[in-house]
Amino acid sequence: MKEKLQNTIEKALESLSVEAVDFVVEHPAEVAHGDYATNVALVAAKNLGENPRELAEKIMKAVVLQDLPEVEKVTIAGPGFLNFTLSRDFYTAKTELINTVDGEWGKNNEYLGKKVLVEYTDPNPFKEFHIGHMFTNAVGESLARLFEMAGAEVKRLNYQGDVGMHVASAIWGMQQMGLTADDKFTPQELGQAYAKGATALKEDKDSKKEIELINQKLYKHTEYDDAVNLLYEKGREVSLAYFEQIYKMLGTKFDEYFFESEVSSRGVEVVLNNTDVFTESDGAWVFKGEEYGLHTRVFINSLGIPTYEAKELALAKMKQERCGDFDLSIISTANEINEYFKVLLQAMSLIYPELAQKTEHVGHGMVRLPEGKMSSRTGDVIGAMDFIGEVKKNVETRVKESGKEIDEEVIEKVAIGAIKYEVLKGSIFQDSVFDKAGALSFEGNSGPYLQYTYARIQSVAKKAESAGVIPSLDNTPEDIYGVERILYRFPEVVEEAVKERLPHKVSVFLSQLANEYNSFYATEKIAESSDEYAPYKLALSLAVAETLKKGLWTLGIEAPEKM
RNA sequence: GCACCCGUAGCUUAAUGGAUAUAGCAGUGGCCUUCGGAGCCAAAGGUUGGGGGUUCGAGUCCCUCCGGGUGCACCA
């Protein structure tokens, strides 16, 4: 509809011989101002030096209403806005469409036929999977789903750091704790081992030497140490299995896993094969970013070990080999590495120009604890599992209080929904202080509020069915319900969200939709066979439920039928 | 010090240069003889960090100051 209005207005400008201008068609904040509004007269009047209201008058007359049967009236308001009000038929048709398109509602063609790779989460084995990883996972998963809504074939990728000093630190810590490969140890114990090792690395010289030796053994295999290798294998296995458990809970399934251990040597090769791009400096290979307004970064250190940057070059190539040709490669991480990525992409553009062009880094905001930045070294983190458990307990208490039956599966969906929504309800680009109370609350603008609204519609639909109310569009009230004025915008919102990489556009929409629906629900009878509009209200309710479900899905949140 | 990001109600937060700046939480007052109260309605809460500028129009763009975050050579 939005595009249709834009096209019609452009035609009207043409017929008036007014030069094309950059105008917008948007939803006015006030319902009284209609369903769509445009500032075209204001913008064009500026160029022409005319009175905006007079020009608006002319444009209004030139807008051929026959072309727009959905528009009931056009008015001029304020400084010269053109306001369009849609007709009852338009809304009725939307309700019908939503209930009949079967899974297609909300989709767009922005990335139709394109292959999009989305790399996200990227936890390090041997370190604790904390709420920061949950944050980045929620962001990446919703980006992946938004691209799917836009018609893309999406590959979900996960890149994990299974080599390096953090691993050596963990192994050293395990040795100190007396753990052997034959022991059964937990991911939590691994986290403790890492914290122990990382602290020792920083504070004790002798320990540092020992850890460096372990790193050499693991990395270069110059010296074979069975005990170390076995600890490594076991630790990696425990860690990765634990991550899978979390992914399952979070509703994420990766298509491909990449490990630093696979890309290290290749990273070195790439750099050494491109000595025209990189320069040797103090025994290290660096990229001089200054020529491009950036800064210098080390790609291979003086010990000959590749850094993150070099590995990333190899990774880019490996993604293409494993996933085939693609159109876009998104790498979603916290914004603390934004500057590195600029340098990295610059270097990549000189080596793999075609890859660099298709690669996009989405640096989202960081989660901070009220006390400050999280650090797995000092143990100053909130573990993902611990936190999920805490939220689940809260949900369970809530269910018990209301005297409903306990359903483990539903409790988990609600808990995960609460956490994910808390992350995705605001802009992903903004840093945020982790609001524990917010994620633990189920009222107002929250995931459970949306899930509740969905479940409530399922319940009333069942009730309506037994009351003999059958959904129908035959008899519609003259007035448009507030919820209808929001509902049809869903596809526009999804398209905007994917274009701008902003999942919260969907969250804001859903919250508004649920609020409008709940107001409607409070005043209108649906499961009431004597009400002449009940069949339409039921059809509308089902359309809202479908939209809530689809919208929550794009955020990676499930909508249970009962809760 | 340099670079990038941010500053909106007590807290969290929305707003492709547009109309009276969005919501939620907390606090205040209502709504259970009504289909799910994880709900609904109402009132209250603001000099959009300060000051200049551009524009018919600025939370949004430019300048400047203040405050915060992140990064700045061998960690990722």
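Residues numbered from 1 in each chain as written. Chains lettered and ligands numbered in written order. Predicted model: local features only at pLDDT ≥ 70, side-chain atom pairs only at ≥ 80, totals over all residues. Heavy atoms only, no water.

(A) A look at the packing of aromatic side chains. Scanning the model with the defined rule gives 20 aromatic pairs in all. Between the aromatic rings of Phe 129 and Phe 243, the centroid separation amounts to 5.5 Å while the plane-to-plane angle is 55°, which identifies the pairing as tilted. Here the residue Phe 129 occupies a position in the loop between strand E5 (115-119) and helix H5 (131-149), and Phe 243 occupies one in helix H9 (residues 226-250), the gap between them amounting to 114 residues. The burial state of Phe 129 is the same as that of Phe 243; both residues are buried. The structure contains a cluster of three or more aromatic residues connected by ring pairs, namely Tyr 120, Phe 129, Phe 243, Tyr 247, Phe 254 and Tyr 257. (Phe/Tyr/Trp six-rings, centres within 6.5 Å; stacked < 30°, edge-to-face > 60°. Helix = DSSP H or I, 4+ residues; strand = E, 2+ residues; numbered from the N terminus. Buried < 20%, exposed > 50% of the residue type's maximum accessible area, 1.4 Å probe, protein only.)

(B) The arrangement of the nonpolar core in detail. In terms of nonpolar packing, the biggest core is built from 95 residues, with Met 134, Phe 147 and Leu 548 touching the most fellow members. Contacts of Leu 548, omitting those with residues within four sequence positions, involve Leu 450, Thr 453, Tyr 454, Ile 457, Leu 510, Leu 513 and Ala 514. The next biggest cluster of nonpolar side chains, apart from the first, holds 33 residues, and it includes Leu 157, Val 277, Phe 278 and Phe 341. (Core = buried A, V, L, I, M, F, W, Y, C linked by side-chain atoms within 4.5 Å. Contact = heavy atoms within 4.5 Å.)

(C) Main features of the protein's contact with RNA strand B. Around RNA strand B there are 64 residues in total, and Val 24, Asn 301, Tyr 340, Arg 456 and Glu 524 lie nearest to it. Backbone sugar and phosphate groups make up 59% of those atoms of RNA strand B lying within 4 Å of the protein. Contact distances for RNA strand B include 3.3 Å between a sugar or linking oxygen and a backbone N or O atom of Asn 445. At 2.5 Å, a side-chain N or O of Tyr 452 approaches a sugar or linking oxygen of RNA strand B. Considering every element that reaches the surface near RNA strand B, the biggest residue donor is helix H17 (residues 447-466), with eight residues. (Near = heavy atom within 4 Å. Polar contact = N/O pair within 3.5 Å; in protein donor to acceptor, adjacent residues only side chain to side chain.)

(D) Local environment of the sheet that holds strand E8 (residues 279-281). Strand order in this open sheet of three strands is E8-E9-E10, and the pairing throughout is antiparallel. The sheet terminates laterally at E8 and strand E10 (297-300), the two strands that pair on one side only. Recorded for the sheet is a direction-independent mean angle of 50° between the axes of neighbouring strands. In this structure, E8 lies alongside strand E9 (residues 284-287), joined through three bridges in antiparallel fashion. For Thr 279, the partnering residue across the bridge sits in E9 and is Val 286. Taken strand by strand, helix H10 (residues 260-272) contacts E9 and E10, and its axis lies near 110° from that of E10. (Pairing = 2+ DSSP bridges. Axes fitted to C-alpha atoms, helices over the stretch in contact; angles between N-to-C directions.)

(E) Expanded view of the pattern of salt bridges. What the rule picks out here adds up to 31 salt bridges. Between Lys 319 and Glu 119 there is a salt bridge, and its shortest N-O distance comes to 2.6 Å. Note that Lys 319 is positioned in helix H11 (residues 308-323) and Glu 119 in strand E5, a separation of 200 residues in sequence. Under the relative-accessibility criterion, Lys 319 is labelled buried at 3%. By relative accessible area, which is 2% here, Glu 119 ends up buried. A salt bridge links Lys 505 to Glu 500; its shortest N-O distance comes to 3.9 Å. Relative accessible area serves as the criterion here: at 24%, Lys 505 is assigned to the partly exposed category. Judged by its relative accessible area of 38%, Glu 500 is partly exposed. Ionic contacts of the salt-bridge type, sharing partners, join the residues Glu 141, Arg 145, Glu 148 and Arg 156 into one network. (Salt bridge = Lys/Arg side-chain N within 4 Å of Asp/Glu carboxyl O.)

(F) Layout of the domain arrangement of chain A. Taken domain by domain, chain A consists of domain 1 (2-86), domain 2 (121-254), domain 3 (261-366) and domain 4 (384-554). Taking only C-alpha atoms, the centre of domain 3 and the centre of domain 4 are 42 Å apart. Taken together, the contacts link nine residues of domain 3 with six residues of domain 4. Among the residues domain 3 hides against domain 4, the three largest losses belong to Val 362, Gly 365 and Met 366. Together they make up 53% of the total. The interface formed by domain 3 and domain 4 holds one salt bridge in total. With a closest N to O distance of 2.7 Å, Glu 360 and Arg 501 form a salt bridge. For the side of domain 3 that touches domain 4, the elements supplying multiple residues, two or more each, are strand E11 (328-334) and strand E12 (359-364). Ranked by residues supplied to the side of domain 3 that touches domain 4, first place goes to E12 with four residues. A breakdown of the residues in the side of domain 3 that touches domain 4 according to their chemical character gives four nonpolar, four polar and one charged. (Domains from an automatic or database assignment. Buried area = accessible area lost by both parts, 1.4 Å probe. Nonpolar A, V, L, I, M, F, W, Y, C, P; charged D, E, K, R; others polar.)

(G) Expanded view of the pairing of strand E3 (residues 71-77). Summarising the sheet, E3 and strand E4 (residues 81-86) pair through six bridges and their orientation is antiparallel. Following the sheet pairing, Ile 76 is matched in E4 by Leu 82. Here E3 hands over to E4 after three residues, with Gly 78 in that stretch at a positive phi of 55°.

(H) Molecular detail of the environment of Lys 413. Relative to the helices and strands, Lys 413 is located in helix H15 (residues 408-424). Among all residues touching Lys 413, those that are not within four sequence positions of it are Gln 451, Glu 558 and Pro 560.

(I) Highlighting unusual backbone geometry. Unusually for a residue other than glycine, Asp 122 sits at a positive phi of about 40°. Locating Asp 122 in the fold gives a position in the loop between E5 and H5. For Asp 282, which is not a glycine, the phi torsion comes out positive at approximately 50°. Looking at the secondary structure, you find Asp 282 in the loop between E8 and E9. What makes Asp 282 exposed here is its relative accessible area of 76%.

(J) A look at helix H12 (residues 338-351). Between the first and last C-alpha of H12 there are 20 Å, a value that for 14 residues agrees with the 20 Å anticipated at 1.5 Å per step. If you check which residues of H12 are buried, you get Phe 341, Val 343, Leu 344, Ala 347, Met 348 and Ile 351. Along the long axis of H12, the arc covered by the buried residues comes to 160°, so they all point the same way. (Expected span 1.5 Å × (residues − 1). Arc of directions from axis to C-beta.)

(K) A look at H17. A rise of 1.5 Å per residue sets the reference length of H17, with its 20 residues, at 28 Å; its end C-alpha atoms lie 29 Å apart and thus fit the reference within 8%. Residues of H17 that are buried include every one of Gly 447, Pro 448, Tyr 449, Leu 450, Gln 451, Thr 453, Tyr 454, Ala 455, Ile 457, Val 460, Ala 461 and Ala 464, and no others. Those residues of H17 that are buried lie in contact with H15, helix H20 (504-523) and helix H21 (534-554). For H17, the N-terminal cap is Ser 446; the gap from its side-chain oxygen to the backbone nitrogen of Tyr 449 is 3.2 Å. Downstream of H17 by a residue or two, Gly 468 has a phi angle that is positive, lying close to 85°.

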